[in-house]
Amino acid sequence: MPVTCKNRKSEKKVIPIDSSKRIGACYVRVSTNDQTEYRPDSQERLVREYAEKNGIYIPSEYVFREPEGISGRKADKRPEFQRMIGLAKQKPAPFSVILVWKFSRFARNQEESIVYKSMLKKQCGVDVVSVSEPLMEGPFGGLIERIIEGRGELYSNPPGLS
């Protein structure tokens, strides 16, 4: 089953894929040059390895990589994030899952993380999955996800330093 993708120049490109695979997106962000373990290439490699093992195909057009130094605290300050969300809102959504290395790459602001993940799931049918922080299904999985998000926000904005 071929998939039609638009690249950044709005040129349509038909990509033949195995119809048993889901189409996914990859979101990559590094907020400081000191975060060597978070290097964009490393994040993308780990996401692609996860995708391959889990039957997810990520076209290059759906790799969203912020310029280095972009903070995850405010979604409106992240152009690639906004472009990804805009594509996800299309009917039908061109991908069914957004893969991130860690949830903190998706957002460092817990409120925005919850709002965007909820909107993506309910309105677009798009899941957000951390490839390094697996969650169980059900209420306990949701609780663990909120704790991970809260930890990320706390790391980004420690008490007493705001």
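If you're wondering where the values come from, they're calculated on a predicted model, not measured in any experiment.

1. A look at the pairing of strand E6 (residues 97-100)
Move 1: Every second residue of E6 is oriented toward a common face, with Val97 and Leu99 on one face and Ile98 and Val100 on the other, all of them buried.
Move 2: One ladder, built from three bridges, connects strand E3 (residues 22-28) with E6; its direction is parallel. For Cys26, the partnering residue across the bridge sits in E6 and is Leu99.
Move 3: Examined bridge by bridge, E6 and strand E7 (residues 127-130) share four bridges and lie parallel to one another. Across the sheet, Leu99 pairs through a bridge with Val129, a residue of E7.

2. A look at helix H2 (residues 79-88)
Note that an α-helix has 3.6 residues per turn; residues three or four places apart therefore point the same way.
Move 1: When we look at burial in H2, the residues that qualify are Glu80, Phe81, Met84, Ile85, Leu87 and Ala88. Buried residues in H2, looked at end-on, bunch into an arc of 160°, giving them a common side.
Move 2: Along its buried surface, H2 packs onto E3, strand E5 (63-65), E6, helix H3 (103-106) and helix H4 (110-124).

3. Notes on H4
Move 1: Its 15 residues place the ends of H4 20 Å apart at the C-alpha level, agreeing with the 21 Å of an ideal helix rising 1.5 Å per residue.
Move 2: Among the residues of H4, Glu112, Ser113, Tyr116, Lys117, Met119, Leu120 and Cys124 are the ones counted as buried. What you see down the axis of H4 is that its buried residues fit within an arc of 160°, all on one side. Exposed side chains of H4 directed beyond 90 degrees from the buried face belong to Glu111 and Lys122.
Move 3: Two or three places before Glu111, at the start of H4, stands the capping residue Asn109, its side-chain oxygen 3.0 Å from that residue's backbone nitrogen.
Move 4: Directly after H4, the chain includes Gly125, whose backbone phi takes a positive value near 70°.

4. A word on unusual backbone geometry
Peptide bonds are trans in most cases, and residues, glycine excluded, mostly fall at negative phi.
Move 1: Cis geometry is found at the peptide bond from Lys91 to Pro92, where omega equals -10°.
Move 2: Secondary-structure assignment places Pro92 in the loop between H2 and E6.

5. Describing the pattern of salt bridges
Move 1: The full count for this structure, using the stated rule, is eight salt bridges.
Move 2: In this structure, Glu52 and Lys21 form a salt bridge, with 3.5 Å as the shortest nitrogen-oxygen distance. Note that Glu52 is positioned in helix H1 (residues 40-53) and Lys21 in the loop between strand E2 (12-16) and E3, a separation of 31 residues in sequence.
Move 3: On the accessibility criterion, Glu52 (54% relative accessible area) is exposed.

6. Quick notes on the confidence of the model for the chain
Move 1: Of all residues in the chain, 69% have pLDDT values of 70 or greater, and the mean over the chain is 79.
Move 2: Segment residues 6-16: pLDDT under 50, and 25 contacts once partners within four positions in sequence are set aside and those in other chains are kept.

7. A closer look at the packing of H2 against H4
Move 1: At a minimum axis distance of 10 Å, the contact between H2 and H4 shows a crossing angle of 20°. Classified by the interaxial angle, the pair formed by H2 and H4 is roughly parallel. Of the two elements, H2 crosses H4, and the hand of that crossing is left-handed. Two secondary-structure elements touch here, H2 through Phe81, Gln82, Ile85 and Ala88 and H4 through Tyr116, Met119, Leu120 and Cys124.
Move 2: For the contact of H2 with H4, the per-class residue count stands at seven nonpolar, one polar and no charged.

Calculation criteria
- Residues numbered from 1 in each chain as written.
- Predicted model: local features only at pLDDT ≥ 70, side-chain atom pairs only at ≥ 80, totals over all residues.
- Heavy atoms only, no water.
- Buried < 20%, exposed > 50% of the residue type's maximum accessible area, 1.4 Å probe, protein only.
- Helix = DSSP H or I, 4+ residues; strand = E, 2+ residues; numbered from the N terminus.
- Pairing = 2+ DSSP bridges.
- Arc of directions from axis to C-beta.
- Contact = heavy atoms within 4.5 Å.
- Expected span 1.5 Å × (residues − 1).
- Polar contact = N/O pair within 3.5 Å; in protein donor to acceptor, adjacent residues only side chain to side chain.
- Salt bridge = Lys/Arg side-chain N within 4 Å of Asp/Glu carboxyl O.
- pLDDT = per-residue confidence, 0-100.
- Axes fitted to C-alpha atoms, helices over the stretch in contact; angles between N-to-C directions.
- Parallel < 35°, antiparallel > 145°, perpendicular 65-115°, else oblique.
- Left-handed = near helix turned anticlockwise from the far one by under 90°.
- Nonpolar A, V, L, I, M, F, W, Y, C, P; charged D, E, K, R; others polar.

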